[in-house]
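Each chain is listed here by its residues.
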Amino acid sequence: MSVEKTEVLVVGAGQAGIAMSEHLRSYGIPHVVLERNRVAERWRSCRWDSLVANGPAWHDRFPGLAFPEDGPDDFVPKERVADYLAAYAQKIEAPVRCGVEVRDVRRKQGETGFHIETSEGAIEAECVVAATGPFQIPVIPSVVPESEGLTQIHSSTYRNPDQIPEGAVLVIGAGSSGAQIAEELMRSGRKVYLSVGPHDRPPRSYRGRDFVWWLGVLNKWDAEATPGVEHTTIAVSGANGGHTIDFRRFAAEGMTLLGRTENFADGKLTFAPDLAGNIAKGDANYLSLLGEADAYVTRNGLDLPEEPSARDFLPEPECVKHPLLELDLKEAGISTIIWATGFGVDYSWLKVEALDDNGRPHHQRGVSSEPGVYFLGLPWQTRRGSSFIWGVWHDAKYVADHIAKQRSYMAYRPADGAA
């Protein structure tokens with residue numbers, strides 16, 4: 001039986017796989033992109049209904065195509081983000097094959113390249129790019145037993161308030177997803193409890209510029225990963241035209257804030273006494289960015305209007321001054337827990353020496369410890385901006401440059417014809 005051959009196999013046709021295809025194509029490197037579902041499937045089926053991009057349309061896109069239906073300062077709804085990525089794949093004529101699952105990747109013995117088993121047969125490739133992204137396995141900590149009879153879902157399976165059974169809701173995790181879901185549920189009339197851990201809390205906009213602009217001119221998008229930083233939760237929202245997440249305002253409107261979730265026993269959840277500290281650290285991050293922005297305006301003589309009210313905070317709510325350290329779920333009427341607790345990875349199909357002892361990519365800027373294997377689409381892969389559509393485009397260029405460089409070495413032959 002014949003085996004298909006290609007130079008580079010890209011696994012995944014989300015934003016990472018499409019960006020990878022564009023740069024490989026610019027180098028003239030033959031490749032195939034395999035996607036087990038549809039292009040940008042996670043944008044369509046693993047997000048809640050009202051989700052929009054967290055960056056404005058002028059910024060959170062590929063360089064070669066604007067969003068056709070949205071203004072530059074709009075926050076694009078998730079379905080149109082998926083449509084945009086599919087249109088971009090068509091524009092660059094990316095060789096995407098949908099409905100094909102990669103099941104096994106192994107290095108060929110005694111020769112270069114890899115043998116790949118897929119749901120549609122075998123492929124051999126000189127290089128493999130794992131562009132499956134960071135949102136692979138929803139993580140729900142085993143804290144509250146199923147025997148308690150509560151509905152427990154991950155944020156990736158939340159769709160809208162009508163999906164949630166009657167009763168109060170506890171949202172655990174106050175990053176962008178958790179904060180936006182908690183706010184949506186509260187505005188739908190639900191009683192909501194929100195467990196808030198350590199986080200960064202940038203302003204949505206300041207002095208007439210979105211925070212993505214400020215992070216750009218202040219060179220914060222290019223900040224490289226340091227141990228622990230890559231796991232920092234960022235609370236920011238593009239919902240309803242974009243606004244700064246304000247936990248004090250949530251509390252003033254009826255939401256109960258809690259500290260970091262710790263343990264469960266006898267029907268009660270316990271929380272760390274860190275709520276006030278977490279809020280304060282988020283405030284410090286917020287105020288620090290305002291200070292840097294003001295200094296930048298002064299230093300460069302920019303005509304951007306002052307915004308003194310941006311430093312005005314609401315009074316400290318009672319739930320922060322006197323935090324609940326224990327909550328009886330039944331007495332509180334909580335019927336549902338939504339875990340906004342992130343994702344794990346699954347590279348079980350990648351049977352090569354490219355993973356650490358925890359099954360996570362072992363790489364430097366996407367170049368793995370296994371020659372010929374690459375990763376793309378990871379948070380903080382090269383810099384803070386790596387998770388964004390525009391950021392992964394630049395990361396893909398770095399990986400494609402490395403593949404092209406290695407390709408040139410392999411093509412070298414001495415002038416005298418020696419091997």
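Reading the values: rules and limits
Residue indices follow the written sequence of each chain, beginning from 1 at its first position. Only residues with pLDDT of at least 70 are given local features in this predicted model, and only at 80 or more are side-chain atom pairs given and counted; all residues enter the totals for whole chains, interfaces and linings. Only hydrogens and water are set aside; all other atoms, that is, all heavy atoms of the structure, feed into the side-chain values. Each helix is a run of DSSP H or I of at least 4 residues and each strand a run of E of at least 2, with the numbering of both proceeding from the N terminus. What a helix should span is 1.5 Å times the count of its residues minus one. For each residue, the accessible area found with a 1.4 Å probe, counting protein chains only, is set against the maximum for its type, and the residue is called buried under 20%, exposed over 50%, and partly exposed in between. Throughout, a contact is declared for two residues whenever any of their heavy atoms are within 4.5 Å. Only strands joined by at least two bridges in the DSSP assignment are considered to pair. In this text, buried Ala, Val, Leu, Ile, Met, Phe, Trp, Tyr and Cys residues form a nonpolar core when linked through side-chain atoms within 4.5 Å. Fitted lines through C-alpha atoms give the axes, limited to the stretch in contact for helices. The angle between two N-to-C directions lies from 0 to 180 degrees. As used here, the arc belongs to the directions running from the helix axis to the C-beta atoms. In the sections that follow, a salt bridge refers to a side-chain nitrogen of Lys or Arg positioned within 4 Å of a carboxyl oxygen of Asp or Glu. With a 1 Å grid laid over protein atoms only, a set of points is called a cavity when a 1.4 Å probe fits there but cannot get out and a pocket when it is open yet has protein on both sides within 12 Å along at least five of seven lines; lining residues have an atom within 4 Å of a point. Grid points are joined across faces, edges and corners, and a volume is the space filled by probe spheres set on the points. Nonpolar residues are Ala, Val, Leu, Ile, Met, Phe, Trp, Tyr, Cys and Pro. Charged residues are Asp, Glu, Lys and Arg, and all others, Gly as well, are polar.

This part covers helix α1 (residues 15-26). The periodicity of an α-helix, 3.6 residues per turn, causes residues three or four positions apart to be oriented the same way. For α1, with 12 residues, the first-to-last C-alpha span of 17 Å sits near the 16 Å given by 1.5 Å per residue. By the criterion of burial, α1 is predominantly enclosed, with 9 of the 12 residues buried. Looking only at α1, the buried set comprises Q15, A16, G17, I18, A19, M20, S21, H23 and L24. In this fold, the buried residues of α1 make contact with β1 (4-11), β2 (31-35), α2 (41-45), α3 (78-91), β6 (121-130) and α9 (389-411). G28 lies just past α1 and shows a positive phi near 70°.

This part is about the pairing of β2. Where burial is concerned, most of β2 is hidden: 5 out of the 5 residues are buried. Going residue by residue along β2, you find H31, V33 and E35 tucked away on one face and V32 and L34 tucked away on the opposite face as well. Pairing geometry for β1 and β2, over 4 bridges, is parallel. Bridged to V8 within β2 is H31.

If you trace the backbone, S195 turns up in strand β10 (residues 192-195). The exposure class of S195 is buried, given its relative accessible area of 3%. Residues within four places of S195 in sequence aside, it is in contact with L170, V171, I172, G173, A174, L258, G259, R260, T261 and F271.

So, on to the nonpolar core. Among the nonpolar cores identified, the biggest contains 68 residues, and M20, F62, L194, F247, L257 and I403 are the most heavily contacted of them. Counting residues per element, this core draws most heavily on α9, at 8 residues. Among all residues touching F62, those that are not within four sequence positions of it are Q15, I18, A19, Y84, L85, Y88, I389, V392 and W393. In this structure, L34, W349, A354 and V373 belong to the second largest nonpolar core, which totals 21 residues.

One open sheet accounts for 5 strands, arranged β8-β17-β9-β10-β13; its pairing is parallel. Looking at the sheet topology across the chains shown, the edges are occupied by β8 (151-154) and β13 (256-258). Pairwise comparison of adjacent strand axes, ignoring direction, gives a mean angle of 20° for this sheet. Sheet strands touched by helix α4 (residues 176-187): β9 (168-172), β10 and β17 (334-339). Its angle to β10, the strand with the most contacts, is close to 170°.

Let us now look at α3. Look at α3: 20 Å from first C-alpha to last across 14 residues, which is about the 20 Å you get at 1.5 Å a residue. Of all the positions in α3, only K78, V81, A82, Y84, L85, Y88 and A89 are classed as buried. Looking down the long axis of α3, one finds its buried residues gathered within 155° of arc, a one-sided arrangement. Of the surrounding secondary structure, the elements contacted by the buried residues of α3 are α1, α2 and α9. Backbone geometry just after α3 places E93 at a positive phi near 55°.

Right, let's get into the pattern of salt bridges. Evaluated as defined, the whole model comprises 29 salt bridges. The partner of E253 in a salt bridge is R187, with the nearest N and O atoms 2.6 Å apart. Pair noted here: E253 is in the loop between α6 (247-252) and β13 and R187 is in helix α4, with a separation of 66 residues, a long-range link. Salt-bridge contacts for D210 lead to R204; the nearest nitrogen and oxygen are separated by 2.7 Å. With respect to burial, D210 and R204 carry one shared label: buried. A cluster of three or more residues bridged by salt bridges with shared partners is formed by K5, K108, E111 and E124.

Each pocket or cavity is described by its volume, and for the second largest pocket that value is around 410 Å³. Lining the second largest pocket are 21 residues, with E126, C127, G372, Q406 and M410 sitting closest to its centre. Contributing elements (two or more residues each) for the lining of the second largest pocket: β1, β6, β20 (367-368), β21 (373-375) and α9. Here the element with the most residues in the lining of the second largest pocket is α9; it accounts for 6 residues. For the lining of the second largest pocket, the residue count by class is 10 nonpolar, 6 polar and 5 charged.

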